[in-house]
Amino acid sequence: MDDAVRVRDAAREAVEDIAPDRLREVLFEHLSAAPMTPAVLALVSARAPETGVETDADGLADRAAGVQLIYEGLRLTRSLAHEEPWTKLLADRSGDIDADLDILAADVLVSRGFYLLARTDAADRAVDVVRAFGRDQTLRRDDGADVDTLDRNLESDVFALAVVAGMTAVGATPSPAVLEYAADLGRDCDVGGELQPADAAFSETTAERLASLSAMGGGSDDRVPSSATDS
């Protein structure tokens, strides 16, 4: 199965029990339209170290989906904060509740992402990503703030999270060099405010570079943590 299809299915499965129906539909709409780039990077990262661990297990797809859900929730939050749709609603009391549903959807996406990563070695880093996002969005309000850099930090941090989620699933510890490379990928992958799809963002060179940096870091071992198959 294609990586993007695999992780999109896992992400949809993670929110399929959400009610009411309209909120679940909004979640599905966001996930259907979104490029699965961060989630695919988690799969690519899991395959990079030479650990011999099976990378087609459902637990890995769930980890990747967790990264994607957190990103989608924060990305949606960023969009809502910048556009401030509730300002329009106050001026136009037409009963339009799309903005309200999007706010709820953002919360659900992040919380379900946390749920999927909760028992993994990526859990603490996921918390750090959300904290850094909140700090950056506060700083961007200051006069003279480098808004573009602060906004793009989200992609940088999420790509690093994806590498942690993927590599730790197969018993490898990503080196600082691997994390720096992933962060740079995140910055470069955001083109004109839009995230490139995985097939455009990654290539065989990406996997080779991850493998090379992983080997240089010497952070892998033969032990597979119990969390590798946790959801």
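Keep in mind it's a predicted model, so treat the numbers as computed, not measured. Here, residues in each chain are numbered from 1, in the same order as that chain's written sequence. The predicted nature of this model means local features are confined to residues of pLDDT at least 70 and side-chain atom pairs, given and counted, to a pLDDT of 80 or more, with totals for whole chains, interfaces and linings taken over all residues. Note that water and hydrogens are dropped before the side-chain values are worked out from all heavy atoms of the structure.

(A) Region of the structure containing helix α7 (residues 123-139). Over its 17 residues, α7 runs 25 Å from end to end, which matches the ideal 24 Å to within 8%, given 1.5 Å per residue. Summarising the contacts, the buried residues of α7 are in contact with α4 (58-83), α6 (98-117) and α8 (147-169). Under the scheme used here, helices are H or I runs from DSSP no shorter than 4 residues and strands are E runs no shorter than 2 residues, and both carry numbers assigned from the N terminus. A helix's residues, less one, multiplied by 1.5 Å, set its expected span. Whether two residues are in contact is decided by their heavy atoms: any pair within 4.5 Å suffices.

(B) Quick look at the packing of aromatic side chains. Note on aromatic pairs: the rings of Phe, Tyr and Trp (six-membered ring only in Trp) are paired at centre separations within 6.5 Å, and the planes decide the class, stacked below 30 degrees, edge-to-face beyond 60, tilted for the rest. Under the definition given, this model contains 1 aromatic pair. Measuring from centroid to centroid gives 6.2 Å for F159 and F202, while their planes differ by 55°, and the two rings are tilted. Remark: F202 occurs in the loop between α10 (198-201) and α11 (204-217) and F159 occurs in helix α8; sequence separation between them is 43 residues. Pair check on accessibility: F159 and F202 agree, each one buried. Definition used: whenever NZ (Lys) or CZ (Arg) falls within 6 Å of the ring centre and also within 35 degrees of the ring normal, the charge is taken to sit over that ring. Sitting over the face of the ring of F28, R12 holds its NZ or CZ atom 4.0 Å from the ring centroid. Over the ring of Y181 we find R209, and its NZ or CZ is 6.0 Å from the ring centre. Residue burial is assigned from relative accessible area. The probe radius is 1.4 Å, only protein chains are included, and a residue is buried under 20% of its type maximum, exposed over 50%, and partly exposed in between.

(C) Structural context of the layout of surface pockets. Estimated volume of the largest pocket: approximately 480 Å³. Only protein atoms enter the 1 Å grid used here. Points where a 1.4 Å probe fits but cannot escape make up a cavity, open sets with protein on both sides within 12 Å along at least five of seven lines make up a pocket, and a residue lines them when an atom lies within 4 Å of a point. The wall of the largest pocket is formed by 20 residues, among which R75, R78, D190, G193 and E194 lie closest to the centre. Elements that contribute at least two residues to the lining of the largest pocket include exactly α2 (21-33), α4, α8 and β2 (194-195). Tallying contributions element by element places α4 first for the lining of the largest pocket, with 7 residues. Looking at the lining of the largest pocket residue by residue, the class counts come to 5 nonpolar, 4 polar and 11 charged. Grid points are joined across faces, edges and corners, and a volume is the space filled by probe spheres set on the points. Gly counts as polar in this scheme, as do all residues outside two lists: the nonpolar Ala, Val, Leu, Ile, Met, Phe, Trp, Tyr, Cys and Pro, and the charged Asp, Glu, Lys and Arg.

(D) The environment of R112, seen in detail. Inspection of the secondary structure puts R112 in helix α6. Along the sequence, R112 and V67 sit 45 residues apart, while their C-alpha atoms lie 9.8 Å from each other. Excluding anything up to four places from it in sequence, R112 contacts A14, V15, D17, I18 and L69.

(E) Structural detail: the confidence of the model for the protein chain. Across the protein chain, the average pLDDT comes to 87, with 85% of residues at 70 or higher. Per-residue confidence from the predictor is reported as pLDDT, a score between 0 and 100. In the predicted structure, residues 218-231 sits below a pLDDT of 50 and forms 31 contacts with residues beyond four places in sequence or in another chain.

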